[in-house]
Amino acid sequence: MTTNRNLLLGLGSIIIFATAPLYSEQMTVKADSASYKKQEGVLYLEGNACLVKGSITLKSPLVKLTGEMNNPKILVASGGVLVLDKGRNARIKAEKIEAFLKEKKASAEKNVEAEYSGRKIWADSARYDGEKNIITFTGSCKAIDSTGTFTASSILYFMNEDRIQFKGDVSAIIIFSD
């Protein structure tokens, strides 16, 4: 089942981390503790970690940045992650979020919940491919907006086309307007 209903949910906040250099502008970092292992190129932020870059805020109990301090390659946040993107009015929650910054790829694992402009998608996991500009939600997927509710085994969002495809055991409840 494919629709162009503008159910534009996704990994908006992960996309920002995956498509732009993390330190392309000033970023504020706060945590209960932090350690940097220069030889390994790893920065650990533990306890109430909060990263703010532009309109994006990432909060997590544990954040690991791998790569040079001013040019990390991998971001891993775990233990219950919340990413808010005020610029896009979007948010995503997951147990773990991992972004491969140079490859423009990202993933969210366990209890994924994405919200964008009053629309929501829940899934077991989500993956973003920045080269193809596609987000794939998998495992017990549910999408809700003002026009109805869709469930499927997977949801593919083709961002360049603003097209959503539901696959596997698809069902829908559509709300008709007056």
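What counts as what
Residues numbered from 1 in each chain as written. Predicted model: local features only at pLDDT ≥ 70, side-chain atom pairs only at ≥ 80, totals over all residues. Heavy atoms only, no water. Helix = DSSP H or I, 4+ residues; strand = E, 2+ residues; numbered from the N terminus. Buried < 20%, exposed > 50% of the residue type's maximum accessible area, 1.4 Å probe, protein only. Polar contact = N/O pair within 3.5 Å; in protein donor to acceptor, adjacent residues only side chain to side chain. Contact = heavy atoms within 4.5 Å. pLDDT = per-residue confidence, 0-100.

1. Brief notes about the side chain of Ser125
Stage number 1. Following the sequence through the fold, Ser125 ends up in strand E9 (residues 119-129).
Stage number 2. Residue classification places Ser125 among the buried residues on the basis of a relative accessible area of 11%.
Stage number 3. Within the structure, Ser125 has its side chain in polar contact with the side chain of Thr138 (distance 2.6 Å).
Stage number 4. Once you skip the residues sitting within four places of it in the chain, Ser125 turns out to touch Ala108, Glu109, Val112, Thr136, Phe137 and Thr138.

2. With respect to the confidence of the model for the protein
Stage number 1. Residues of the protein with pLDDT of at least 70 account for 85%, and the chain-wide mean is 83.
Stage number 2. Taken element by element, the protein is modelled with least confidence in strand E1 (residues 2-3), mean pLDDT 36, and with most confidence in strand E7 (residues 90-100), mean pLDDT 93.
Stage number 3. Every residue in residues 1-24 is under pLDDT 50, and counting partners more than four places away or in other chains gives 98 contacts.

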